[in-house]
Amino acid sequence: MDTYVPQRILLGPGPSDCHPEVLKAMASPLIGHLDPVFLEYMNETMERLRRVFQTGHSLTLAMPGTGSAGMETVFVNALEPGDKVVIGIAGAFGERMADVASRTGAEVIPVRAPWGGIVEPEQIRSALRSHSGVKAVALVHAETSTGVWQPLEEIGGMARDCGALFIVDAVTSLGGVPVRVDEVGIDACYSGTQKCLGAPPGLSPATFSPRFEEMLERRTKKVQSWYLDLTMVRQYWGQERFYHHTAPITMVYALHRALGVLLEEGLDAAFRRHLVNGRALQAGLEAMGLRLFAEEGHRLPQLTSVWIPDGVEDAAVRARLLKEYGIEIGGGLGEVKGRVWRIGLLGHSSRRRNVFLLLSALEQILGEAGCRTEPGAGCAAAEAVYRNPAIIR
Ligand SMILES: *Cc1c(COP(=O)(O)O)cnc(C)c1O
């Protein structure tokens, strides 16, 4: 090997550790992207994605590119110049949605809430009251910049009641917490492979309702992006198999296997694993005297945001974690840059041993930085959660 890559434990906001089965699948030889065997992999990947998105939508596929490519796919296909879209914004990824949507020439109606909290249904209701003819309502399900878990049901119902499409960013939620596309009535939902699915970055799984497809038929202008135009991409993933672009073959192997691993574990078991590990970590951090950033009651288990204690230097701590322990965690984004850490227990990274490793390493480093924490308190609090899962919410 002429490239040296150290072994890390990826506990940031993504990418997460790849499952070894996924890495093995990626070492398979290339075959053609129209080879019947590869087409079978594509079909199976679509079927597995439907199970993971909990949907029957036939237009369920994986766009080439990272999560942001899925975001852009949804907005360029859904919106035409002059269309109105209501976007809930309580963090960096809500802001990104608004930026992407505005570039289509659509009118973005931003509904902002403070970072660390959710977008309240009442806020969306009042936006829908004061604007007529809204074409779509969009929300981030798991706001990775804050660690907040946004409830979807009520706002989804409001979108449906006024005939708007309901768009959901599930980049950090898919595979970590339930994403019930059909039950909630989501018309367009996209994710990414490197968060809770345990594969490398490179594909964006996405699913679209029949209502979304009908809207596509009624467009008056061609989709402005050739590469992300679903009217063509769906003919490549569909039975027509019209060549559109060369599928990233190796990434499809990776996603296919990652979904296989997830479904073999079982969705409910995977959600439970994320929940228990996340709550154990959060209990441990609080027992060490740290304060969590996301509002209680709306905390994601797979992404924990925590205030950096006063007098502790963000970059120095993260550099020590990486250099001395091989652990990566994330810094803050946007308005909390330098003030919070973001700790991911995403996909295959969501393991009990990682919780204890990180709590111990942090205790050591913060202790040396002058934060007084009772020795072992973090790990003891985490252990208490594992011993008594009944206390988990
Ligand atoms: C990571 C992330 C994205 C962007 O995904 P990339 O793969 O980095 O392009 C979008 N939305 C959310 C909520 C994310 O966490």
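Our structure's up above, just so we're on the same page.
Below you will find a few notes about this structure.

Parameters at a glance
- Residues numbered from 1 in each chain as written.
- Predicted model: local features only at pLDDT ≥ 70, side-chain atom pairs only at ≥ 80, totals over all residues.
- Heavy atoms only, no water.
- Pairing = 2+ DSSP bridges.
- Helix = DSSP H or I, 4+ residues; strand = E, 2+ residues; numbered from the N terminus.
- Right-handed = clockwise from strand over helix to strand, strands pointing away.
- Near = heavy atom within 4 Å.
- Polar contact = N/O pair within 3.5 Å; in protein donor to acceptor, adjacent residues only side chain to side chain.
- Areas by Shrake-Rupley, 256 points an atom, 1.4 Å probe, with all protein chains shown as cover.
- Salt bridge = Lys/Arg side-chain N within 4 Å of Asp/Glu carboxyl O.
- Buried < 20%, exposed > 50% of the residue type's maximum accessible area, 1.4 Å probe, protein only.
- Phe/Tyr/Trp six-rings, centres within 6.5 Å; stacked < 30°, edge-to-face > 60°.
- Axes fitted to C-alpha atoms, helices over the stretch in contact; angles between N-to-C directions.
- Parallel < 35°, antiparallel > 145°, perpendicular 65-115°, else oblique.
- Contact = heavy atoms within 4.5 Å.

Note: strand S3 (residues 84-89) against strand S4 (residues 107-112), six bridges, orientation parallel. For Gly 88, the partnering residue across the bridge sits in S4 and is Val 111. The parallel pair S3 and S4, bridged by helix H4 (residues 92-102), forms a crossover whose chirality is right-handed.

To continue, consider the site of the ligand. In the region of the ligand, 14 residues are neighbours, and Thr 66, Ser 68, Thr 144, Asp 169 and Lys 195 sit closest. One of the backbone N or O atoms of Gly 67 is found 2.9 Å from an oxygen atom in the ligand. When isolated, the ligand has an accessible area of 380 Å², and the protein chains bury 90% of it. Mapped onto the shell around the ligand, the elements with two or more residues apiece are helix H3 (67-78) and H4. A total of three residues in the shell around the ligand trace back to one element, the largest contributor, which is H3.

Under the counting rule described, the total for this entry stands at 19 salt bridges. Among the salt bridges present, the one from Arg 351 reaches Asp 17, with a minimum N-O distance of 4.0 Å. Of this pair, Arg 351 sits in the loop between strand S14 (340-344) and helix H13 (352-368) while Asp 17 sits in the loop between strand S1 (9-10) and helix H1 (20-26), and the two are 334 residues apart along the sequence. Judged by its relative accessible area of 24%, Arg 351 falls in the partly exposed class. For Asp 17, a relative accessible area of 11% corresponds to the buried category. Ionic pairing is found between Asp 99 and Arg 103, a salt bridge with its closest N-O pair at 2.9 Å. Among the residues examined, Asp 99 registers a relative accessible area of 37% and is labelled partly exposed. One continuous salt-bridge network, built from bridges that share partners, spans Glu 21, Lys 24, Arg 257 and Glu 264.

A word on the packing of aromatic side chains. By the definition in use, this model includes six aromatic pairs. Their ring planes at 70° and their centres at 6.5 Å tell us that Phe 38 and Tyr 253 sit as a pair that is edge-to-face. In this pair, Phe 38 is assigned in helix H2 (residues 36-53) and Tyr 253 in helix H10 (residues 249-265), connecting sequence segments 215 residues apart. Taken as a pair, Phe 38 and Tyr 253 share a single burial class, namely buried.

Interhelical geometry of helix H8 (residues 210-217) versus helix H9 (residues 230-237) gives an angle of 125° and a closest axis separation of 11 Å. Relative to H9, the element H8 is oriented oblique. Contact with H8, carried on its side by Phe 212, Glu 213, Leu 216 and Glu 217, involves Leu 230, Thr 231 and Arg 234 of H9 and no other residues of that element.

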